[in-house]
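# Structural characterization, general
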Amino acid sequence: MAAQNAGRPFRFGVVAAPQGGGDQWRRLAQRVEQLGYSTLLSPDGLQLLSPVAALAVAASVTARLRVGTFVMASPLRPPWLAAWDAHSLSVLTGGRFELGIGTGRPEVAAQVAELEGQPLSSPARRLAQVEQAIDRLRELDGDQRTPVMIAASGPKARALAAAKADIVTLAAGPLATRDEMGLLCQDLLAKAGARAANIELAMNIFVVGEDVPPWMAQFMGVDSAALRAADSLAMLRGTTQQMVDDLRRRRDAFGASYISVNSAFFEQMAPVVEQLNGR
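Computed from a prediction, not measured in an experiment: that's the story for all the values here.

## Examining the pattern of salt bridges
Counted according to the given criterion, the structure contains 19 salt bridges. The shortest N-O distance in the salt bridge between Arg-11 and Glu-200 comes to 2.8 Å. In this pair, Arg-11 sits in strand β1 (residues 11–15) while Glu-200 sits in strand β8 (residues 200–205), placing the two residues 189 residues apart along the sequence. The pair formed by Arg-11 and Glu-200 is uniform in burial state, with each residue classed as buried. When the shortest N-O distance is used, the salt bridge between Glu-210 and Arg-237 registers 3.5 Å.

Structure, rendered in structure tokens:
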């Protein structure tokens, strides 16, 4: 079923958070645009600067670059605030904002519960907040439609994404096999029914090349040997042509045409973007 999405042209995004102050962040946004990437995507978490502020700055120093959250964590904001921020960014960037939203990593929910002195919210509650934020955003947008990306893992999240998302990234583990990813994509598109052809499928690349930096291995919980042995979809390896061919195979197999890459590798990925962007 993923083949019905295989005809979409490729576009590419960079996942990054401000690390070295405003000047560094502005230069990074401009470089991302210069290299032909479609989108600068910023993660969400209490250990980071606010993605809302960061993306507003990035959009202000670029002309065509789209900006998006990757992804806004529902425990950090009530749904009305998430929708208000998203609508405001969409208006102020001239429609260049994409709302990526999800339930957040477990540690984010735990941090929020500790800060508020409240019991830890359930996964069902956090997913309900995602839906409420999308519905409120649609009300605020009116005739304007802010694209919404949902990071979906379990079956309930996939059902919500199938019903309401414009873009879906399937949050499978780094050692998920290609067969397992294919089944997830088939399930999503089957749930979407008539909407399936309108959903843009996204895939995030954590590592480009053969080696995983220590900080990335700690974040992912696996090393480069395990990723290579599993032929991991979180890793893109080989020559430029081999990487191009692999991404084409992924699009054919899963319908994934929107490819994001961690900012540590966006310069390394640029020759692939040059060959595939818009094709």
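Back to the text.
## Some details on the side chain of Ser-74
Mapped onto the elements, Ser-74 comes out in the loop between β4 (72–73) and α3 (79–92). Reaching out from Ser-74, the side chain makes a polar contact with the backbone oxygen of Arg-126 at a distance of 3.0 Å. Contacts of Ser-74, omitting those with residues within four sequence positions, involve Gly-102, Thr-103, Arg-126, Gln-129 and Val-130.

## Describing unusual backbone geometry
Cis geometry is found at the peptide bond from Phe-70 to Val-71, where omega equals -15°. Mapped onto the elements, Val-71 comes out in the loop between β3 (66–69) and β4. The phi angle at Asp-231 is positive, at roughly 50°, despite the residue not being glycine. Within the element layout of this structure, Asp-231 appears in the loop between α9 (224–229) and β10 (235–236).

About the criteria used
Every chain begins its residue count from 1, and numbering advances along the sequence as written. With pLDDT at 70 or above as the cut-off, local features in this predicted model cover only qualifying residues; side-chain atom pairs require 80 or more to be listed or tallied, and sums for whole chains, interfaces and linings still use all residues. Excluded from the side-chain calculation are hydrogens and water; included are all heavy atoms of the structure. By definition, a salt bridge exists where a carboxyl oxygen of Asp or Glu is found within 4 Å of a side-chain nitrogen of Lys or Arg. Each helix is a run of DSSP H or I of at least 4 residues and each strand a run of E of at least 2, with the numbering of both proceeding from the N terminus. Partly exposed residues are those whose accessible area sits between 20% and 50% of the maximum for their type, while under 20% is buried and over 50% is exposed, using a 1.4 Å probe and protein chains only. By the criterion applied in these results, polar contacts are pairs of N or O atoms within 3.5 Å in which, for protein atoms, one can donate a hydrogen and the other can accept it, and in which residues neighboring in sequence qualify only through two side-chain atoms. In what follows, a contact means two residues having at least one pair of non-hydrogen atoms within 4.5 Å.

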